[in-house]
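Summary of the model geometry
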Amino acid sequence: SFSPDDDVIIDILPDEKNPSKYSWSIKADNTFLTEVEIIGHDGSLDVIEVGLSVPTTRKMPDLKFEAIETFIRTDLKNMDRMKISKNGKTGDEILSMRAGNGSKLKCKKLVST
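Just so you know, these numbers come straight off a predicted model, no measurement behind them.

**Some details on the overall build of the protein chain**
- Counting its regular elements, the protein chain contains one helix and seven strands.
- Shown N-terminal to C-terminal, the secondary structure of the protein chain runs as helices and strands in the order β-β-β-β-α-β-β-β.
- For 113 residues, the compact-globule estimate of 2.2 N^0.38 gives 13 Å, and the C-alpha radius of gyration of the protein chain, at 14 Å, lies within 12% of that figure.
- Taken along the three principal axes of its C-alpha coordinates, the protein chain extends 40 × 35 × 30 Å.
- Here the protein chain, with 113 residues, has 32% of them falling under the buried criterion.

Below, the structure written as structure tokens:
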């Protein structure tokens, strides 16, 4: 497991031609690139498809980032559900993702720039 105090930054950019597709740049120690497309809905969740590969800059990560980088490299592509919700106490937006294999990803705070 990795320290929750280590920042992992996910930049999400909408595709200008396809409003249901987003380019993701994920910065842990390395930088990972992929696309996420919303392909449907399942109740309050978006059904998503993550790009087939999650390429990286491929340097050996610092030990404190090794677990999260392994997760991004191996489990992110399996994510199939996503939801953006609000934290009732802080008002911050939260990104939650999950996969049928039990993998989960939760970003505590989304920041618009």
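So, next bit.
**Quick look at the pairing of strand E4 (residues 45–50)**
- With five of six residues buried, E4 is to be regarded as a mostly interior element.
- As judged from the six bridges shared by strand E3 (residues 31–42) and E4, these two strands associate in the antiparallel manner. Its bridge partner lying in E4, Glu 37 is registered against Glu 49.
- Counted between consecutive antiparallel strands, the loop separating E3 from E4 contains two residues, among which Gly 43 sits at a positive phi close to 65 degrees.
- Across two bridges, E4 lies against strand E5 (residues 79–86) in antiparallel orientation. Following the sheet pairing, Val 47 is matched in E5 by Arg 81.

**Looking at the environment of Asn 101**
- If you trace the backbone, Asn 101 turns up in the loop between strand E6 (93–99) and strand E7 (104–110).
- Between the C-alpha atoms of Asn 101 and Met 79, which are 22 residues apart in sequence, the distance is 8.7 Å.

**What to know about the nonpolar core**
- Within the largest apolar cluster, 21 residues are counted, with the highest numbers of intra-cluster contacts made by Ile 48, Ile 72, Leu 76, Met 79 and Met 97.
- Only strand E2 (21–27), E3, E4, helix H1 (66–75), E5, E6 and E7 provide two or more residues apiece to this core.
- Look past the residues within four positions of Ile 72 in its chain and what remains in contact with it is Val 8, Ile 26, Phe 32 and Val 54.

**Let's talk about the pattern of salt bridges**
- Tallying each qualifying case throughout the model produces three salt bridges.
- For the salt bridge of Lys 59 with Asp 29, the shortest nitrogen-to-oxygen distance reads 3.6 Å. With Lys 59 in the loop between E4 and H1 and Asp 29 in the loop between E2 and E3, this pair connects stretches of sequence that are 30 residues apart.
- A residue is classified by how much of its surface remains accessible, and Lys 59, at 46% relative accessible area, is partly exposed.
- Exposure remark for Asp 29: the relative accessible area of 16% places this residue in the buried category.
- Between Arg 81 and Asp 42 there is a salt bridge whose closest N-O contact spans 3.1 Å. Here Arg 81 is found in strand E5, whereas its partner Asp 42 is found in strand E3, with 39 residues between them in sequence.
- With relative accessibility at 35%, the residue Asp 42 sits in the partly exposed group.

**Details of H1**
- All buried positions along H1 are accounted for by Ile 68, Glu 69, Phe 71 and Ile 72. Down the axis of H1, the buried side of the element spans an arc of 155 degrees, and every buried residue falls inside it.

Scoring rules and cut-offs
- Residues numbered from 1 in each chain as written.
- Predicted model: local features only at pLDDT ≥ 70, side-chain atom pairs only at ≥ 80, totals over all residues.
- Heavy atoms only, no water.
- Helix = DSSP H or I, 4+ residues; strand = E, 2+ residues; numbered from the N terminus.
- Rg over C-alpha atoms; globule rule 2.2 N^0.38 Å.
- Buried < 20%, exposed > 50% of the residue type's maximum accessible area, 1.4 Å probe, protein only.
- Pairing = 2+ DSSP bridges.
- Core = buried A, V, L, I, M, F, W, Y, C linked by side-chain atoms within 4.5 Å.
- Contact = heavy atoms within 4.5 Å.
- Salt bridge = Lys/Arg side-chain N within 4 Å of Asp/Glu carboxyl O.
- Arc of directions from axis to C-beta.

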